[in-house]
Every structure is written in structure tokens, then in C-alpha cells.
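Residue-level listing of the chains:
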Amino acid sequence: MADDPLVRGELGRNLTFGLQEVLGRAIVIGEYRDRPFPTEADIVKQHGVSRSVTREAVKMLGAKGLLGARPKQGTFVRPDEAWNLFDTDVLRWLLERKSSLVLLRRFSELRIAVEPAAAALAAASATEAQQAAITAGMERMRSADRGDDDALDADIAFHVAILRASNNPFFSQFRDVVATALRTSIRFTNRLSGRSASIDDHAAVHDAIIARDADTARVRMASLIEKVLVLIERFEEKGAEQGEAR
């Protein structure tokens, strides 16, 4: 089994992280919702990996809150509320679930609690280098709008630069979560709106930060994210209406 090229391709070069990826995704998308998590021996046999690789991967998934263990009962999948939603792997797997629209709304609600404050802090305390990084992100978005850059990467770069420029270590560490979720959120909202992110809305945030106008930066960032929430809520309402019609 270990020599099976399909298995090697599925797990990748690093067997431990590859096995974590395969098992973690399966847990989060619900493959073990109605059946027990496989035993160590079953995982070894199914994926053609060693017991040490299996134990390490299971340990890593336990640290993410996905798995637990009880004496004489073995390893089990923990309830959703125990999962570490700030772990970027868990968040990425969650966004692959069919219910990801609800998660996107909740994530946007979290963003609106954090990013306007980060924008205000950036306006008040960003260094010249940090301001330059925000401006670079804005210029990348303009280039992407002309077809000369990747729109998704440019949008993420802009938001991450603001989180870093807040000079608040807690907001700065939120950047990986934002980057991971935005990759799904931006694709989804762009598809719904039929266009990429609004350059004018982002420019308004940028200009307020560069002008060191904290209050305006806060308001503009909140407005930007509120538009995303409205778009998601409209889609949810449309889906509910279609469900009732059926």
C-alpha cells in the first residue's frame, strides 16, 4: 500500500502532514459524523503509513481540537464547538463544507468586530514603512483591476497590511485567519456581485489611514465589510425562498 502512487500523491511528500490533511478534511466535512473514527491499525492499512506517522498526525489533529481519546474507547471525533476555528487548517477545511455560507457570514461578523478597529489603529500609529505596505496593497488592487495582478492576492495583501499596521500583536496574528478565509469569501462575493472588490471602497479606507484619520478609517472599513454581509444575507434569503417554493 505504501508504494501505491495514488497514496503517495494524496499524502504528499511529508507523510505526517499529508495524513493530517487527509484525515482532517474528512473529519471536518463530516465523513465520520455517522461512523467511528478509524483505529490506528485501520489508518496504517488504508493509507500505507507507519504507526509513528499515524500517531503524530492524530496528535496534531488533537491539538486542533478535532480529535479526543478515552481509555478503552480509543480516538473519537470531538463536537464542532470544540474545534479550534482560529487554526487555519481547520478554517480551510470548514470552508470546503456545503454549509460554508453560514461560516462566511459568521466570519464576516468577526471581521467587522476586528478590522475597523485595526484600521483606526493603523491610521493612528502606522509607521511610514507600514503605510507604504498598505499603499502597495492598494496599488496591487488597482493593477489587478486592470488585469495586471491577481485580484485575490492583492485584496488579501491590502487587508493583511492594515492588520500589521495596527501594531497590535493580537490583530497582527489574526492575519493568517483573515488570509485563509478571504480566499473563499472573496471568490464567493465576487461571484455573487459579478465583479471584483470595489476599488473605491478600499481606496476610501486607504486614504483615511494615510491621512491619519482614525475615525474615518474605522467607518470606511466597517462599511466595506457590511456590504459583504448584505450580499451574503441576500443570498441566504434567496436560498430560503427557493426552499420554501419547493
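Note: the structure precedes this text.
Below, the structure is looked at part by part. Owing to the predicted nature of the structure, the values given are computational and were not obtained by experimental measurement.

This part takes up the overall build of the protein. What the protein contains, in helices and strands, is 12 helices and 2 strands. Taken over 246 residues, the protein has a buried fraction of 43%. The long-range share in the protein, meaning contacts at least 24 apart out of those at least 6 apart in sequence, stands at 68%. With the model as given, the accessible surface of the protein reaches about 13,400 Å², and the carbon-plus-sulfur share is 50%.

Let us now look at the pattern of salt bridges. Under the definition given, this model contains 15 salt bridges. With a shortest N-O distance of 3.8 Å, arginine 146 and aspartate 148 are connected by a salt bridge. In this structure, arginine 146 and aspartate 148 share a single accessibility class: exposed. Here the residues in one salt-bridge network are Glu21, Arg25, Lys64, Asp87, Asp89 and Arg92, joined through shared partners.

Generally speaking, nonpolar side chains in soluble globular proteins are found buried as a group. Counting 42 residues, the largest nonpolar core has Ile27, Phe37 and Leu66 as its most contacted members. Every element with two or more residues in this core is listed here: α2 (15-28), α4 (51-63), α5 (88-94), α6 (100-125), α8 (151-165), α10 (175-193) and α12 (214-245). For this core, the leading source of residues is α10, giving 7 residues. If we ignore the near neighbours within four places in the chain, the residues touching isoleucine 27 are Tyr32, Phe37, Leu61, Leu66, Leu67, Val77 and Trp83. Counting 23 residues, the second largest nonpolar core, distinct from the first, contains Ala119, Ile209, Ala217 and Leu224.

With 4 bridges connecting them, strand β1 (residues 67-70) and strand β2 (residues 74-77) associate as antiparallel partners. Residue pairing for β2: leucine 67 is matched across the bridge by valine 77. The turn joining β1 and β2, which pair antiparallel and follow one another in sequence, is formed by 3 residues; a positive phi near 70 degrees is taken by lysine 72.

Here the focus is unusual backbone geometry. Not every positive phi belongs to a glycine, and lysine 72 is a case in point at roughly 70 degrees. Within the secondary structure, lysine 72 is located in the loop between β1 and β2. Relative accessible area serves as the criterion here: at 92%, lysine 72 is assigned to the exposed category. Despite not being glycine, arginine 212 has its phi angle at roughly 60 degrees, a positive value. With respect to the helices, strands and loops of the structure, arginine 212 is situated in the loop between α11 (199-210) and α12.

Turning our attention to the environment of leucine 85. Locating leucine 85 in the fold gives a position in the loop between β2 and α5. We classify leucine 85 as partly exposed; its relative accessible area is 43%. Put simply, leucine 85 and glycine 65 are 20 residues apart on the chain and 9.0 Å apart in space, counted from C-alpha to C-alpha. Aside from chain neighbours lying at most four places away, what touches leucine 85 is Leu91 and Leu94.

When the terminal C-alpha atoms of α8 are compared, their 21 Å separation across 15 residues agrees well with the 21 Å that a helix rising 1.5 Å per residue should span. Burial analysis of α8 places 11 of its 15 residues in the buried class, the great majority of the element. Listed as buried for α8 are Leu152, Ala154, Asp155, Ile156, Phe158, His159, Val160, Ala161, Ile162, Leu163 and Ala165. Structurally, the start of α8 carries an N-cap: the backbone nitrogen of leucine 152 is 3.1 Å from a side-chain oxygen of aspartate 150. Immediately beyond the C-terminal end of α8, within one or two residues, lies asparagine 167, with a positive phi of roughly 60 degrees.

Another aspect to go through is the side chain of glutamine 20. Among the secondary structure elements, glutamine 20 is positioned in helix α2. Not counting residues within four places of it along the chain, the set of residues in contact with glutamine 20 comprises Arg25, Ala57, Met60, Leu61, Lys64, Asp89 and Trp93.

Here the focus is the packing of aromatic side chains. Two aromatic rings are characterised by how far apart their centres lie and by the angle between their planes. Across all of its chains, the model carries 2 aromatic pairs by this definition. Aromatic pair tyrosine 32 and phenylalanine 37: ring centres 5.2 Å apart, planes at 70 degrees, arrangement edge-to-face. For the cation-ring pair, arginine 70 lies above phenylalanine 76, with the distance from its terminal atom to the ring centre recorded as 4.0 Å.

Cut-offs used in this document
- Residues numbered from 1 in each chain as written.
- Predicted model: local features only at pLDDT ≥ 70, side-chain atom pairs only at ≥ 80, totals over all residues.
- Heavy atoms only, no water.
- Helix = DSSP H or I, 4+ residues; strand = E, 2+ residues; numbered from the N terminus.
- Buried < 20%, exposed > 50% of the residue type's maximum accessible area, 1.4 Å probe, protein only.
- Contact = heavy atoms within 4.5 Å.
- Areas by Shrake-Rupley, 256 points an atom, 1.4 Å probe, with all protein chains shown as cover.
- Salt bridge = Lys/Arg side-chain N within 4 Å of Asp/Glu carboxyl O.
- Core = buried A, V, L, I, M, F, W, Y, C linked by side-chain atoms within 4.5 Å.
- Pairing = 2+ DSSP bridges.
- Expected span 1.5 Å × (residues − 1).
- Polar contact = N/O pair within 3.5 Å; in protein donor to acceptor, adjacent residues only side chain to side chain.
- Phe/Tyr/Trp six-rings, centres within 6.5 Å; stacked < 30°, edge-to-face > 60°.
- Lys NZ or Arg CZ within 6 Å of the ring centre and 35° of its normal.

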